[in-house]
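Notes for the structure review
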Amino acid sequence: MVGHETEHVDLDHLSGLRELMEDEFGLLIETFLDDGAQRIAELHGFVEDADALRRAAHALKGGASNIGATILARLCADLEMLAQQDDGSRRRPMVAAIECEFDAVRTALTRL
Amino acid sequence: MTASIRVLVADDNRTDRLLLSTIVRKEGHHVVEAVDGLDAIEKFADTRPQLVLLDALMPGLDGFEVARRIKVAAGDAFVPIIFLTSLTEADELARCLVAGGDDFLSKPYNKVILRAKMIALDRMRQMHATVASQRDEIAQHHARLLREQEAAKDIFDSVAHSGCLNANNIRHLISPLAIFNGDVLLAARNPSGNMFVLMGDFTGHGLTASIGAMPLAEIFYGMTQKGFHMADVLRECNRKLHDILPVGYFCCAAMADFDFGKQTVEVWNGGLPDLYVMRDGIDRLVPIRSQHLPLGVVGTARFDAATQLHRLSYGDRLMMCTDGLLEARDVSGAMFGAERLVAILSGAEREAAFESVRDAVYAHLGETGREDDLTLVEISMLREAEIDAPLPAYQASGQVGPVDWSLEYELGPSSLRIFNPLPLLQHVLMEVPVLRTRGGELFTVLSELYNNALDHGVLGLDSVLKGSASGFSEYYRRRSEALETLNHGFVRFEFVSCVAEAGGELRIRVVDSGAGFDHSRYAQPKVAAANASPSPSLHGRGVRLLRTLCDSVTFFGCGNEVEAVFRW
């Protein structure tokens, strides 16, 4: 069924991962979700520190793209660029958007 | 990629690290994980992986710095580093490669691409390892080659430049590196006291050019010591070199036979630049052109050992050089040249000629420092007694030899034309231990007796001709002619030796088929050695000489039979 969840995570990519990871597929998803939650917390915490914010966004971006969460990855990329331009005003909304997308990804992944 | 390797995966992100490690393990390789830069450096040193997958952006130590340190730790070995990065950072990607990364892998990780990159980089790693081991092998070979060349040079020097080059009538110039320019200079005295000198210039350069010098020197020294004629030595040298040298390799050479008693020099030039006879007065400088092919080019049948004979007064000299001297170039590239050499020799006094040439060529070479291809020799005609080079010592078979023995040896016309029996007969005599110390005298006696028997007896030549310079060449011309057309006659040697209480005696009788001569005036008792003056031209039958060397010399019959006796 084509639902909202399918846009948040690339199902083809995921099935490739499932084939690759075999028994450890679950571990991979779990690791991502754990890591991800940590990164989200960091984003909130580092919103004033441009460098740290950028690095946290970069790290989450990598994991997101590896898991196939393309929208999340794109949002993180945007924040990464934004953080460098040192425009403090748009950071918080960005971080909020990222957190929102992460929740959607988490929902999609736990439904698998 | 068939072999499994050890891969270091360094990424601070747990998800990425887990994913990548799984991909790599599934390819059949062993994985070592590191969580940050410092951990990566430590794990690298501990496990020495063959490949490193390194996150470019890690907290703490910069990914690029980690890469630099890993490359240093890897030393000589090639350990490929693949940076893990996100595609958007173009500048970062460039930095990856500049910093020492060999490739990069973007996220999301694609196992097909990763496998392809690993194969490609492992291929590079293997190639690098091959090149490194080949380089080490080459270095080893090179070191060994140098050692071998040193050893070869020692052997070469002792073989190719020994003999009597340090005699007081020889001055010479030869490079210590002659082994690499193929030049050879040999000098030795034969049992009669003659001095043979051979100069050779082998084609090519390096060890291969000089290797022919070994057999050449062996033949030269061996045959000279045994009393062979110069032509025989040349023939045998040519035969040997023709046999062993490959096509296109040969030895330009010249040889000289100095007879200090007769004051003659016999020369042969096959391929060397002009030799020069230097005298006082008229006919000061006489060039002796090369009229033969170098040694080793043709086989024995076509080899021409014909020599030229020149008379020299005491103080006259012969000079020989290889083309290295004529082709010596100065800083501007101009060659020394034959014209310059002739000018120097024409202008200099005999005694100063050698130094003049040597100084001139060094001056010509000047700053170039290329003095390694100069080979020059000057041999002077001195009185026999003034020569300080010793006669050959005999290495005969053993301490035990025949004591009571006899030998009859006869040569007919065909043999007389082409064969020199003296070395063989000398060898027979040298098998008698007690005669070895008198080898020189014995050989001289054999030579005199044989030459008399052949020239004056069988060929019927008159020795009077040898008195004048022009008569000299006429004499040898007639001798060649007579020898060529000889079809009858003989020379017979009869040796009888026996032992007495306190010593022994050797009787040598030589009989020839000639008409003999009036020997009545020679029926004298032995002339005391102190009274005997060596005849300056020795164109007679050399009876005085024979009498100083033997205990008695007696003629029989019509003068075609002579007996020389040695006692000890």
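Residues numbered from 1 in each chain as written. Chains lettered and ligands numbered in written order. Predicted model: local features only at pLDDT ≥ 70, side-chain atom pairs only at ≥ 80, totals over all residues. Heavy atoms only, no water.

Observations concerning the overall build of chain B
A count of helices and strands for chain B gives 16 helices and 20 strands. By residue count, 49% of the 568 residues in chain B fall in the buried class. Of the contacts formed within chain B by residues at least 6 apart in sequence, a portion of 69% connects residues at least 24 apart. (Helix = DSSP H or I, 4+ residues; strand = E, 2+ residues; numbered from the N terminus. Buried < 20%, exposed > 50% of the residue type's maximum accessible area, 1.4 Å probe, protein only. Contact = heavy atoms within 4.5 Å.)

Concerning the interface of chain B and chain A
In many analyses, interface size is given as the accessible surface area lost on bringing the parts together. Each side of the interface is counted separately: chain B has 18 residues, and chain A has 23 residues. On inspection of chain B and its partner chain A, the count reaches three salt bridges. Where D34 of chain A meets R14 of chain B, a salt bridge forms, and the shortest distance between an N and an O atom there is 3.8 Å. By residue number, the principal contributor to the side of chain B that touches chain A is helix 1 (residues 14-26) of chain B, which donates eight residues. (Salt bridge = Lys/Arg side-chain N within 4 Å of Asp/Glu carboxyl O.)

Regarding the pattern of salt bridges
All names here are of chain B. Enumeration according to the criterion identifies 49 salt bridges over all chains in this entry. In this structure, the salt-bridge partner of R235 is D232, at a minimum N-O distance of 3.1 Å. Taken together, the residues span about one helical turn, with R235 and D232 both in helix 8 (residues 230-244) at a distance of three residues. According to the relative accessible area criterion, R235 is partly exposed, its value standing at 33%.

Some details on the packing of aromatic side chains
Here the structure, examined in full by the defined rule, presents nine aromatic pairs over all chains. Measuring from centroid to centroid gives 6.0 Å for F32 of chain A and F102 of chain A, while their planes differ by 50°, and the two rings are tilted. Residue F32 of chain A is located in helix 3 (residues 25-45), and its partner F102 of chain A is located in helix 6 (residues 91-110); the two are separated by 70 residues in the primary sequence. For the pair F32 of chain A and F102 of chain A, one class covers both residues: buried. Measuring from centroid to centroid gives 5.6 Å for W268 of chain B and F303 of chain B, while their planes differ by 45°, and the two rings are tilted. Of this pair, W268 of chain B sits in strand 10 (residues 264-270) while F303 of chain B is found in the loop between strand 12 (285-288) and strand 13 (308-311), placing the two residues 35 residues apart along the sequence. Across the pair, exposure class does not vary: W268 of chain B and F303 of chain B are buried alike. Feature note: the residues W405, Y450, F493 and F495 of chain B constitute an aromatic cluster, connected by ring pairs. The lysine or arginine in question, K117 of chain B, covers the ring of F104 of chain B, its NZ or CZ lying 5.5 Å from the ring centre. (Phe/Tyr/Trp six-rings, centres within 6.5 Å; stacked < 30°, edge-to-face > 60°. Lys NZ or Arg CZ within 6 Å of the ring centre and 35° of its normal.)

Comments concerning a nonpolar patch on the surface
Residues and elements named next belong to chain B. The grouping of M124, M127 and V131 at the surface amounts to a nonpolar patch, some 290 Å² of accessible area in total. With respect to the element layout, V131 can be found in helix 5 (residues 111-160). Here V131 falls in the partly exposed class, since its relative accessible area comes to 48%. (Patch = residues over 30% accessible without salt bridge, like charges linked within 9 Å, V, L, I, M, F, W, Y side chains within 5 Å. Areas by Shrake-Rupley, 256 points an atom, 1.4 Å probe, with all protein chains shown as cover.)

Some thoughts on helix 11 (residues 353-365) of chain B
All names here are of chain B. Compared with the 18 Å implied by 1.5 Å per residue over 13 residues, the 18 Å span of helix 11 between its first and last C-alpha is a close match. Among the residues of helix 11, those classed as buried are A353, F354, V357, V361, H364 and L365. On an axial view of helix 11, the arc spanned by its buried residues comes to 105°, and they lie on one face. Where helix 11 is buried, its residues contact strand 6 (170-173), strand 11 (275-278), strand 14 (317-321), helix 9 (323-326), helix 10 (338-347) and strand 15 (376-380). Looking one or two places after helix 11, you find G366, whose phi comes out positive at around 50°. (Expected span 1.5 Å × (residues − 1). Arc of directions from axis to C-beta.)

A closer look at the sheet that holds strand 3 (residues 51-55) of chain B
Through backbone hydrogen bonds, the strands of a sheet pair up, either in parallel or in antiparallel fashion. Residue and element names in this part refer to chain B. Taken in spatial order, the five strands make up an open sheet running 2-1-3-4-5, and their pairing is parallel. Two strands lie at the open edges of the sheet, namely strand 2 (30-34) and strand 5 (103-107), each paired on one side alone. Strand-to-strand, the axes of this sheet are offset by a mean angle of 20°, without reference to chain direction. For strand 4 (residues 81-86) and strand 5, the ladder comprises five bridges, and the chain directions are parallel. In the sheet register, L84 faces strand 5, and the bridge partner there is L105. Lying over the sheet, helix 3 (residues 63-74) contacts strand 3 and strand 4, oriented at roughly 175° with respect to strand 4. (Pairing = 2+ DSSP bridges. Axes fitted to C-alpha atoms, helices over the stretch in contact; angles between N-to-C directions.)

Considering the confidence of the model for chain B
Residues and elements named next belong to chain B. On average, residues of chain B score 87 in pLDDT, and 93% of them are at 70 or above. No element of chain B has a lower mean pLDDT than helix 4 (residues 90-98), which averages 77, and none a higher one than strand 9 (residues 251-259), which averages 97. The low-confidence segment residues 524-539 (pLDDT under 50) makes 15 contacts with residues lying over four places distant or belonging to another chain. The ipTM, which scores confidence in the relative placement of chains, is 0.87 for this predicted complex, and the corresponding pTM is 0.64. (pLDDT = per-residue confidence, 0-100.)

Some words on the sheet that holds strand 15 of chain B
Residue and element names in this part refer to chain B. On the basis of which strands lie adjacent, the open sheet formed by five strands has the order 6-15-14-11-12 and antiparallel pairing. A single partner strand is all that each edge strand has here, and the edge strands are strand 6 and strand 12. With strand direction ignored, the average angle separating the axes of adjacent strands in the sheet is 15°. Pairing between strand 11 and strand 14: three bridges, direction antiparallel. Its bridge partner being in strand 14, M278 is matched across the sheet by R317. Sitting on the sheet, helix 10 is in contact with strand 11, strand 12 and strand 14, with an inclination near 10° to strand 11. Running at roughly 5° to strand 6, helix 11 makes contact with strand 6, strand 11, strand 14 and strand 15 of the sheet.

Notes on the packing of helix 3 of chain A against helix 6 of chain A
Residues and elements named next belong to chain A. Between helix 3 and helix 6, whose axes approach to 11 Å, the crossing angle comes to 165°. In terms of orientation, helix 3 and helix 6 fall into the roughly antiparallel class. Our pair here, helix 3 against helix 6, has a crossing hand that is left-handed. The residues of helix 6 that touch helix 3, namely those facing I29, F32, L33, G36, A37, I40, L43 and H44, are V95, I98, E99, F102, V105, R106, L109 and T110. Here the residues of the contact of helix 3 with helix 6 are counted per class, giving eleven nonpolar, three polar and two charged. (Parallel < 35°, antiparallel > 145°, perpendicular 65-115°, else oblique. Left-handed = near helix turned anticlockwise from the far one by under 90°. Nonpolar A, V, L, I, M, F, W, Y, C, P; charged D, E, K, R; others polar.)

With respect to the pairing of strand 14 of chain B
All names here are of chain B. Among the five residues in strand 14, five count as buried, and that is most of the element. Neither face of strand 14 is exposed, since R317, M319 and C321 on one face and L318 and M320 on the opposite face are all buried. By the bridge criterion, five bridges tie strand 14 to strand 15 in an arrangement that is antiparallel. Bridging across to strand 15, M319 finds its partner in E378.

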